[in-house]
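One-letter residues, chain by chain:
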Amino acid sequence: MENNNPLSPHLQIYKWQISSLLSITHRIVGVINFLAIILICVWSILIVFFQNNYSTINVFLNSSFGKFFIISLCWTFSFHILNELRHLVWDAGYGFDLKVAKITGIIVFVGSFILTILFYILGRNLF
Amino acid sequence: MHTSTKKWLFTKISSLILIPLMAWFLVNFVSIYDKNHSQILIFFSEQPSKILFSIFVIIAFFFSALTISEIFEDYLHDVKIKNVANKALNLFAIIIPLLTILSIYNLN
């Protein structure tokens, strides 16, 4: 059967603005988080069943790249949490006004960095 | 209820459940990632982290399967490739959490 569903327009025809920027970032971050959760599952399985390999994983996570990976994960999760909340507010019927949508978009973007720092500080018990 | 409406509802309900679980997991992950082997095992073997992590993994994969299938719907042109990609995604979303949960419940 022929599929007549319309396809999303190609990205290069968009005029970039905060709403389109957040929309595409939300999708990319969603895929990154999916891959990250797969890695976390593999990490937990390795920890349980392959104790001998633990030191290798530990060396990686304690390296500069490992720390960058953890902080990046904090940002992708933070961004996804805040933008998902924004979507839920839209689903409840609020925040559709263009000005409001622009402001909430900026709040999501800036807030994701603040939330990243908060998660990291809370996790490392730095308070 | 229409299938698309059901899918939308499941996506919204799972995202609502996932938000606090993501925050909980992230704070705990940041606190344990560089700990020694036995300390991490304690995290996975004790309650409530064991049950919360299991729920987090199940909901995260459920939500991801629903939302990534939307991306396939928007960007994959070939119906056959899209069907294969969706089947692979669903299989992955069942096997990975199942293996993870079985492994942590294998701990005493």
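Note that the structure is predicted; figures quoted are calculated from it, not measured. (Residues numbered from 1 in each chain as written. Chains lettered and ligands numbered in written order. Predicted model: local features only at pLDDT ≥ 70, side-chain atom pairs only at ≥ 80, totals over all residues.)

## Observations concerning the overall build of chain B
Check the secondary structure of chain B and you find 4 helices and 0 strands. Written out in order from the N terminus, the α and β elements of chain B read α-α-α-α. Relative to the globule expectation of 13 Å for 108 residues, the C-alpha radius of gyration of chain B, 17 Å, shows a markedly less compact shape. With respect to the principal axes defined by its C-alpha atoms, chain B has extents near 50 × 25 × 25 Å. Put simply, chain B has 108 residues, and 19% of those count as buried. When contacts within chain B are restricted to residue pairs at least 6 apart in sequence, those whose partners lie at least 24 apart make up 72%. (Helix = DSSP H or I, 4+ residues; strand = E, 2+ residues; numbered from the N terminus. Rg over C-alpha atoms; globule rule 2.2 N^0.38 Å. Buried ≥ 20, exposed ≤ 12 C-beta atoms within 10 Å, placed from the backbone. Contact = placed C-beta atoms within 7 Å.)

## A closer look at the interface of chain A and chain B
Each partner contributes to the interface: chain A provides 33 residues, whereas chain B provides 34 residues. Sorting the residues of the side of chain A that touches chain B by element identifies helix 1 (18-49), helix 2 (54-62), helix 3 (64-91) and helix 4 (98-123) of chain A as the ones contributing at least two each. Counting residues per element, the side of chain A that touches chain B draws most heavily on helix 1 of chain A, which supplies 12 residues.

## Some remarks on the confidence of the model for chain A
Counting all residues, the mean pLDDT for chain A is 87, and 89% of those residues have values of 70 or more. Across chain A, the secondary-structure element scoring lowest on mean pLDDT is helix 2 of chain A, at 84, and the one scoring highest is helix 4 of chain A, at 94. (pLDDT = per-residue confidence, 0-100.)

## Focus on the nonpolar core
Core analysis: the largest hydrophobic core is formed by 29 residues, its most contacted members being C74 of chain A together with L26 and A60 of chain B. Elements supplying a minimum of two residues to this core: helix 1, helix 3 and helix 4 of chain A together with helix 1 (3-32), helix 3 (49-75) and helix 4 (79-105) of chain B. When sequence neighbours within four positions are dropped, the list of residues in contact with C74 of chain A reads T116, F119 and Y120 of chain A together with L26 and V30 of chain B. (Core = buried A, V, L, I, M, F, W, Y, C linked by C-beta atoms within 7 Å.)

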